[in-house]
Amino acid sequence: MTAPSSTTTNVIGWRCRQCDLPAKSGALHIGHQQVRAAERAAKDWDAQHPADEAFDLADVFMMPSRAQWQVTCDGCLQRRHDCGGCYEIGLNQVPTFTALLRWQAHLYDKSWFNVTNWVAFVHRLAQEHAPHESAGAW
Ligand SMILES: [Zn+2]
Ligand SMILES: [Zn+2]
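Below or above, wherever it landed, is the structure these notes cover. (Residues numbered from 1 in each chain as written. Chains lettered and ligands numbered in written order. Predicted model: local features only at pLDDT ≥ 70, side-chain atom pairs only at ≥ 80, totals over all residues.)

### Concerning the overall build of the protein chain
A count of helices and strands for the protein chain gives six helices and three strands. Ordered by position from the N terminus, the helices and strands of the protein chain form the series α-β-α-α-β-α-β-α-α. Looking at the protein chain as a whole, 18% of its 138 residues qualify as buried. Contacts spanning at least 24 positions in sequence make up 83% of the contacts within the protein chain whose residues lie at least 6 apart. (Helix = DSSP H or I, 4+ residues; strand = E, 2+ residues; numbered from the N terminus. Buried ≥ 20, exposed ≤ 12 C-beta atoms within 10 Å, placed from the backbone. Contact = placed C-beta atoms within 7 Å.)

This is the structure we're talking about:
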């Protein structure tokens, strides 16, 4: 019986979203302005859609979009970093999925966690690293 290669799949191969090259160093970041805009939009949405009121399908497509986590390498950050202030995690602090999970536990306490696309972001990352694994119906 061979042991599962958990040590190899635990390492995250970060890729820069701007230049599409492997990012050895850089940041996982999310702009403060984007987060604030998403919070405002979510608040407006909630005000217009009380929890006990059914809303129709058309409304679902109008749901406010979430603030997007970005992966950017050092080179691209130096050339152009236009967040205008962001929450930033150095990629050296999240070398593995285990480390990412620790950060997630930390981020979960942030009031703005739910207006970000973290879940979709992590899902895509896991999918890229282990496409053979399945998390059920997605
Ligand atoms: Zn880059
Ligand atoms: Zn940034």
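### Considering the pairing of strand β2 (residues 70-73)
Burial of β2 is two-sided: the residues Gln70 and Thr72 facing one way and the residues Val71 and Cys73 facing the other way are all buried. By the bridge criterion, four bridges tie strand β1 (residues 26-31) to β2 in an arrangement that is antiparallel. Looking at β2, one finds that His29 is bridged to Gln70. (Pairing = 2+ DSSP bridges.)

### Some points on helix α2 (residues 32-48)
Taking 1.5 Å per residue as the helical rise, α2 with its 17 residues ought to reach 24 Å, and the 24 Å between its terminal C-alpha atoms agrees with that figure. Those residues of α2 not exposed but buried are Gln34, Val35 and Ala38. Angularly, the buried residues of α2 cover 95° about the axis, an arc narrow enough to put them on a single face. Seen from the buried face of α2, the exposed residues on the opposite side, beyond 90 degrees, are Arg40, Lys43, Asp44, Ala47 and Gln48. In this fold, the buried residues of α2 make contact with β1. (Expected span 1.5 Å × (residues − 1). Arc of directions from axis to C-beta.)

### Concerning the environment of Arg36
Tracing the sequence through the fold places Arg36 in helix α2. Spatially, the C-alpha atoms of Arg36 and Val115 are 9.0 Å apart, while their sequence positions differ by 79 residues.

### With respect to the nonpolar core
Core analysis: the biggest nonpolar cluster contains 18 residues, and Ala23, Leu28 and Leu91 have the highest contact counts within it. Of all elements in the fold, only β1, α2 and β2 reach the threshold of two or more residues within this core. For this core, the element with the most residues is β1, which contributes three residues. Contacts of Leu28, omitting those with residues within four sequence positions, involve Trp69, Val71, Ile89, Leu91 and Val94. (Core = buried A, V, L, I, M, F, W, Y, C linked by C-beta atoms within 7 Å.)

### So, the environment of Ile89
Of note, Ile89 is situated in strand β3 (residues 86-90). With 62 residues separating them in the primary sequence, Ile89 and Ala27 have C-alpha atoms 5.6 Å apart. Setting aside chain neighbours within four positions, we find Ile89 in contact with Ala27, Leu28, Val94 and Trp103.

### Looking at the sheet that holds β3
Spatial strand order, β2-β1-β3: three strands in an open sheet with antiparallel pairing. Each end of this open sheet is capped by a strand with a single partner; those strands are β2 and β3. On average, each strand axis in the sheet is inclined to that of its neighbour by 30°, with strand direction left out of account. One ladder, built from five bridges, connects β1 with β3; its direction is antiparallel. Bridge assignment links His29 to a residue of β3, and that residue is Glu88. (Axes fitted to C-alpha atoms, helices over the stretch in contact; angles between N-to-C directions.)

### Focus: the environment of Ala23
With respect to the helices and strands, Ala23 occurs in the loop between α1 (6-10) and β1. Residue Ala23 is classed as buried on the basis of its C-beta count, with 23 C-beta atoms lying within 10 Å. Remark: the alpha-carbon pair of Ala23 and Cys76, spanning 53 residues in sequence, is separated by 9.8 Å. What Ala23 contacts, discounting residues up to four positions off in sequence, is Trp14, Arg15, Cys16, Val71, Cys73 and Leu91.

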